[in-house]
Amino acid sequence: MLDVCLLGTAGMMPLPYRFLTSLMTRYNGSSLLVDCGEATQIAVKKAGWSFHPIDLICFTHYHADHISGLPGMLLTMGNADRTQPVTLLGPKGLKQVVSALRVIAPELPFEVRCVEITEAEQVFNLYGYKITAFKVNHNVPCYGYTVEIGRQGRFQPENAQKYGLPQRYWGILQKGTPVEYNGHTYTPDMVMGPVRRGIKLTYCTDTRPADSLVKNARGADLLICEGMYAEKEKLAKARQYKHMTFYEAAKIAKDADVKELWLTHFSPSLVHAADYMPQVRSIFENSHLGKDGKMVVMNFPDEEDSEEEET
């Protein structure tokens, strides 16, 4: 299962009641963070989650509201006695940006590794996550991320028995390692069923509607997508600054055939956001207004249904 927490939902600046947009996930003892604007540390603390297991921080782009909290976050992680390396992932220029920010956080008890995205669409396998970075349409290079947790097929004991394999080898094959027995090599595919559907989460902020977003979000269990503006008269402003409206995000969710949509990255001027949701749901019914600290446990499809816990 994948634990998901929308740490904050604000765009441009943190507000007393709304932290900057950031996402945190937990899987198999490892945490992933997407974007780290100012006050992200407070949002993590308020959610009751830990800094220590953050192994990977992904950046959509290098506007201040998405990265300016990094020095403080790294220092906090160091103060939490972290010694294992931390990987940072982002568009070209990451090393230069991080180097500049670390002027105020020069000494850390762990290594910081920078991985730059070099293609319009690129896949990374890190810490048990399959992460697809895809370029979107903002006024600076910007990427969305699809995070997937794969799941192997079921073990088929009848196949192992057919080959006469003793049970002591079954667990080894289940873990993906071939075994030698009676002069023959047995591989996992000989005793495992078809790969099962895993978990798929797509996160995207700061973009106009883009084909790459529809493509990479297709069939996602959850799409967390920016809706900078809800007022329909602000469509021209959204186009000017290359952001999306609530309604454009809902259309993306519909076109991508996702299961659920959470809206995020709201303009500081947006008030009474819930008033606009009936119109949003007329486009995509399973749409929800993101809020700081909104959490969900995403289970594999054949396990019990996901249970959402809001705080």
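Remember, predicted model here, so these are calculated numbers, not experimental data.

Draft legend 1. Layout of the environment of Thr-202. If you trace the backbone, Thr-202 turns up in strand β12 (residues 196–204). Here the alpha-carbon distance between Thr-202 and Pro-71, two residues 131 residues apart in the chain, equals 26 Å. Here Thr-202 is in contact with Phe-134, Tyr-145, Thr-146, Leu-213, Asn-216, Ala-217, Ala-220, Leu-222, Leu-223 and Ile-224, once residues within four sequence places are set aside. At 3.5 Å, the side chain of Thr-202 forms a polar contact with the backbone oxygen of Asn-216.

Draft legend 2. Structural detail: the packing of helix α1 (residues 40–47) against helix α3 (residues 70–79). For the pair α1 and α3, the least separation of the axes is 9 Å and the interaxial angle reads 50°. Viewed along their axes, α1 and α3 adopt a mutual orientation that is oblique. Contacts from Thr-40, Gln-41 and Val-44 in α1 reach Gly-72, Met-73 and Thr-76 in α3. Considering only residue class, the contact of α1 with α3 consists of two nonpolar, four polar and no charged.

Draft legend 3. Up close: the pattern of salt bridges. Per the stated rule, a full pass over the model turns up ten salt bridges. A salt bridge links Lys-130 to Glu-148; its shortest N-O distance comes to 3.9 Å. In this pair, Lys-130 is assigned in strand β8 (residues 129–135) and Glu-148 in strand β9 (residues 143–151), connecting sequence segments 18 residues apart. Here Glu-148 falls in the partly exposed class, since its relative accessible area comes to 24%. Across the salt bridge formed by Asp-255 and Lys-251, the nearest N and O atoms sit 2.8 Å from each other. Of this pair, Asp-255 and Lys-251 both sit in helix α9 (residues 246–256), four residues apart, which is roughly one turn of that helix. A relative accessible area of 36% means that Asp-255 is categorised as partly exposed. Exposure remark for Lys-251: the relative accessible area of 42% places this residue in the partly exposed category. If you follow the salt bridges from partner to partner, you end up with Arg-197, Asp-221 and Lys-259 in one network.

Cut-off values and rules
- Residue numbering note: each chain is counted from 1, following its sequence as written.
- Restriction of local features to residues with pLDDT of at least 70 applies here, the model being predicted, together with a cutoff of 80 or more for giving and counting side-chain atom pairs; totals for whole chains, interfaces and linings are based on all residues.
- Only hydrogens and water are set aside when side-chain values are computed; all heavy atoms of the structure are taken into account.
- Under the scheme used here, helices are H or I runs from DSSP no shorter than 4 residues and strands are E runs no shorter than 2 residues, and both carry numbers assigned from the N terminus.
- The contact criterion used throughout is that any non-hydrogen atoms of two residues lie within 4.5 Å.
- Any pair of N or O atoms that falls within 3.5 Å is considered a polar contact. Within protein, one atom must be able to donate a hydrogen and the other to accept it, and sequence-neighbouring residues count only if both atoms are side-chain atoms.
- Axis definition: a line fit to C-alpha positions, over the contact stretch in the case of helices; interaxial angles, taken between N-to-C directions, run 0 to 180 degrees.
- Any angle between 65 and 115 degrees counts as roughly perpendicular, while under 35 counts as roughly parallel, over 145 as roughly antiparallel, and the rest as oblique.
- Three residue categories are used. Nonpolar comprises Ala, Val, Leu, Ile, Met, Phe, Trp, Tyr, Cys and Pro, charged comprises Asp, Glu, Lys and Arg, and polar comprises the others, including Gly.
- Here, a salt bridge means any Lys or Arg side-chain nitrogen found within 4 Å of an Asp or Glu carboxyl oxygen.
- Note on classification: 1.4 Å probe, protein chains only; a residue is buried when its accessible area is under 20% of the maximum for its type, exposed when over 50%, partly exposed between these limits.

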